[in-house]
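Descriptive analysis of the structure
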Amino acid sequence: MAARVKPNSGKVIYLYGVTRKLVTPVPKVPAVDGAAGVEALGCADLICWITRVDRSEYADNLSANMENLDWLAEASVRHQRVVAAIAAETEILPARFGTVFLSEASLEADIQSKKKTLDRDLRKIKDSDEWGVKVFGVQPKVELPRAGARTGKDYLKAKAALLQRRPTKGTDADLIRFEEELKRVAVETAVGGKISSGQRGLQWQTSLLLRRDDRKRFEALLKKFSKEWADVRQIEATGPWPPYSFVSRDDGKQETGT
Amino acid sequence: MATSNQIVFSGTDASDETSLLDILDHVLNAGVIIRGNLVISLAGVDLVYVGLDVILTSIETTRQYMQGKALPPTKKR
């Protein structure tokens, strides 16, 4: 545990998340800024995982930097890699990207003020990971008109007709049944992310908190539906994620799907 | 890694564009909020948390960007 950051110094404290246990050695992964190291800091009987970063970049100009997608992509991937490295060793409540404090005292005070909620969330995520599930409609194969088209106009008409074909649709009832069966396997579910909601062909998505012991049941369920939907839909699963979607928000509420 | 034609399992590293989207979804849109929107210049308040309005703007910017073209690849320093 390192020296204190004085208020108004050139460094601020970037928070990755909170754990109950100290992980030793501290994971050797690049920090959010790509330079400084990751540190463990005791706060309110919990462990805060932090990096001391440049104040100008991560506090004074943070909003502007988050509008710069090159900067945001690099920093958010590093944030995730640090959180994932800690999550591989112990349960972590991941902080949202851009959580920065000017002093250890203010960090500790905030953690202390949320201690009950953090303790409750740490119990909930024990032995669990987050998984993302997306269902995509399968696009029909578009074959170009054969040599039968006599003129260029015929060719373009035939091609346009093929391109206007819609993806084969299964029924909404199938998706509801899929969602219900996933809920039976999961500890909790939560609504899917907003950024990837614009992906082409995406019909439905969710996030699940899944006990590690239930992973085989989860995979079996995905395989069952992927077989059933063979030419209709494709299922994409990502994970295991740290439980970003299953921690309480500032008001103690959570955007849950259950 | 794909396990069959109709089911795709992938990890959580940004090895492709899809994973980067998912990472942005998770780190921007979820996670513990330790405290709400505060302004660092206020006397006696020494916490900086990027406000919800900034997060929402950032998400919207990313969505608009995605509609036009792929996200920029991550650069290695």
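To start, this report covers the structure provided alongside it.

Calculation notes
In this convention, every chain numbers its residues from 1, walking through the sequence in written order. Both sets of labels track the order of writing: A upward for chains, 1 upward for ligands. Given that the model is predicted, a residue must reach a pLDDT of at least 70 before its local features are reported, and side-chain atom pairs must reach 80 or more before they are shown or counted; all residues, however, enter totals for whole chains, interfaces and linings. Each side-chain value is worked out from all heavy atoms of the structure, with water and hydrogens disregarded. Note that a disulfide, as used here, is simply two cysteine sulfur atoms within 2.5 Å. To sort residues, take the accessible area from a 1.4 Å probe on protein chains only and compare it with the maximum for the residue type: under 20% means buried, over 50% means exposed, and anything in between is partly exposed. The numbering of helices and of strands both runs from the N terminus, where a helix is a DSSP run of H or I of at least 4 residues and a strand a run of E of at least 2. Any two of the Phe, Tyr and Trp rings considered here, Trp counted by its six-membered ring, make a pair once their centres fall within 6.5 Å; the pair's planes then place it as stacked at under 30 degrees, edge-to-face at over 60, or tilted in between. Criterion for a charge above a ring: Arg CZ or Lys NZ at most 6 Å from the ring centre, at most 35 degrees from the ring normal.

1. Overview of the state of the cysteines
Residues and elements named next belong to chain A. Here the structure, examined in full by the defined rule, presents one disulfide over all chains. Residue pairing for cysteine 43: its cysteine sulfur links by disulfide to cysteine 48, the two sulfurs lying 2.0 Å apart. Disulfide cysteine 43 to cysteine 48: torsion about the S-S bond roughly 105 degrees, handedness right-handed. The class for cysteine 43 is buried, based on a relative accessible area of 2%.

2. Side note on unusual backbone geometry
All names here are of chain A. Residue proline 25 follows threonine 24 across a cis peptide bond; omega there is -10 degrees. Tracing the chain through its elements places proline 25 in the loop between strand S1 (11-19) and strand S2 (39-43). In this model, glycine 239 is joined to proline 240 through a cis peptide bond whose omega is -5 degrees. One can find proline 240 in strand S9 (residues 233-241). Phi at aspartate 45 is positive, roughly 65 degrees, even though this residue is not glycine. Following the sequence through the fold, aspartate 45 ends up in the loop between S2 and strand S3 (46-54).

3. Quick notes on the packing of aromatic side chains
Residues and elements named next belong to chain A. Applying the stated rule across the entire model yields 10 aromatic pairs over all chains. On the numbers, 5.9 Å between centres and 80 degrees between planes, the contact of tyrosine 14 with tyrosine 58 is edge-to-face. In this pair, tyrosine 14 sits in strand S1 while tyrosine 58 sits in helix H1 (residues 55-60), placing the two residues 44 residues apart along the sequence. Taking relative accessible area as the criterion, tyrosine 58 reaches 1% and is therefore assigned buried. Here the aromatic rings of tyrosine 58 and tryptophan 71 are separated by 5.3 Å at their centres, their planes lie at 50 degrees, and the arrangement is tilted. In this pair, tyrosine 58 is assigned in helix H1 and tryptophan 71 in helix H3 (residues 69-87), connecting sequence segments 13 residues apart. Judged by relative accessible area, tryptophan 71 falls into the buried class, the value being 11%. Members of the aromatic cluster, connected to one another through ring pairs, are Tyr14, Tyr16, Tyr58, Trp71 and Phe97. Sitting over the ring of tryptophan 229, arginine 233 keeps its end group 4.7 Å from the ring centre.

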